[in-house]
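An overview of the molecular structure
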Amino acid sequence: AQKITQTQPGMFVQEKEAVTLDCTYDTSDPSYGLFWYKQPSSGEMIFLIYQGSYDQQNATEGRYSLNFQKARKSANLVISASQLGDSAMYFCAIEGEKLTFGTGTRLTIIP
Amino acid sequence: SQTIHQWPATLVQPVGSPLSLECTVEGTSNPNLYWYRQAAGRGLQLLFYSVGIGQISSEVPQNLSASRPQDRQFILSSKKLLLSDSGFYLCAWSVFPGETQYFGPGTRLLVL
């Protein structure tokens, strides 16, 4: 069975600074994928970025990048130049037969 | 492009009343469909998923049920709601199992 751990229940970051959201995982599958989703106050889950376990390079999507360290079983999300609109809950998830989600990190960007 | 709709957006229901939440997907065929529940301040709990019409897998035994009467329609139901059914219900779809899931806007359910 897969497991996702997000150890930061909440974070406060100054606008325009970079922020790293932690995610560690556990799986026995040789091949897997890792996802990050953003959930603003409206509730909708917005897909941000995906990293496959065999991808050679860390995934990047605009201001989002995934710091994937396979040996440490971590897949941290890095948001560069944070904006007020980045304030939201962020969930890490791992692919298996189904997606297994972490408990999330609430990010608040301070003006 | 693909879009996913859920309704109603919010719902307040008394304990013991029935429930029907609807989810529809546009712009794709034979999607994999999912129902999740999110309690306040918590992560997502997978309730049901479907890989095709009439094919429903239940992840958590409870008083909820799901049906897929059409390819792109997924319905979450209950005959008698419990207080513990309150939460935020999200529908999602993916092309294949285990791939990126795309979520609908959700339904906030409050059972009183």
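Predicted, not measured: the structure shown is a model, and the values here were computed from it.

**Considerations on the nonpolar core**
The biggest cluster of nonpolar side chains holds 25 residues, and the ones touching the most others in it are L34(A), W36(A), I49(A), L77(A), Y90(A) and L107(A). Where this core is concerned, the elements lending two or more residues are β2 (10-14), β3 (19-21), β5 (33-39), β6 (46-52), β8 (64-69), β9 (74-79), β10 (88-95) and β12 (105-110) of chain A. The element contributing the most residues to this core is β10(A), with four residues. Beyond its immediate chain neighbours, meaning those up to four positions away, L107(A) contacts M11(A), V13(A), V19(A), I79(A), D86(A), S87(A), A88(A) and Y90(A). Membership of the second largest hydrophobic core comes to 19 residues, among which are L19(B), L21(B), A66(B) and L81(B).

**Observations regarding the layout of surface pockets**
The space that makes up the largest pocket amounts to roughly 360 Å³. What lines the largest pocket is a set of 19 residues, among which Q39(A), R106(A), Q38(B), G41(B) and R108(B) lie closest to the centre. Within the residue set of the lining of the largest pocket, elements represented by two or more residues are β10 of chain A together with β9 (87-94) and β11 (107-111) of chain B. Top contributing element to the lining of the largest pocket by residue count: β10(A), with three residues. Class assignment of the residues belonging to the lining of the largest pocket gives a composition of eight nonpolar, eight polar and three charged.

**Some points on the sheet that holds strand β1 (residues 3-7) of chain B**
Residue and element names in this part refer to chain B. Spatial strand order, β1-β3-β8-β7: four strands in an open sheet with antiparallel pairing. Only two strands of the sheet have a single partner each, and these edge strands are β1 and β7 (64-70). Strand-to-strand twist across the sheet, computed as the mean angle between neighbouring axes with direction ignored, equals 20°. Taken together, the five bridges between β1 and strand β3 (residues 19-26) define a ladder with antiparallel strand orientation. Note that in β3 the partner of I4 across the bridge is V25.

Rules behind the numbers
Residues numbered from 1 in each chain as written. Chains lettered and ligands numbered in written order. Predicted model: local features only at pLDDT ≥ 70, side-chain atom pairs only at ≥ 80, totals over all residues. Heavy atoms only, no water. Core = buried A, V, L, I, M, F, W, Y, C linked by side-chain atoms within 4.5 Å. Buried < 20%, exposed > 50% of the residue type's maximum accessible area, 1.4 Å probe, protein only. Helix = DSSP H or I, 4+ residues; strand = E, 2+ residues; numbered from the N terminus. Contact = heavy atoms within 4.5 Å. 1 Å grid on protein atoms, 1.4 Å probe; cavity = no way out; pocket = protein on both sides within 12 Å on 5 of 7 lines; lining within 4 Å. Points joined across faces, edges and corners; volume = space filled by probe spheres on them. Nonpolar A, V, L, I, M, F, W, Y, C, P; charged D, E, K, R; others polar. Pairing = 2+ DSSP bridges. Axes fitted to C-alpha atoms, helices over the stretch in contact; angles between N-to-C directions.

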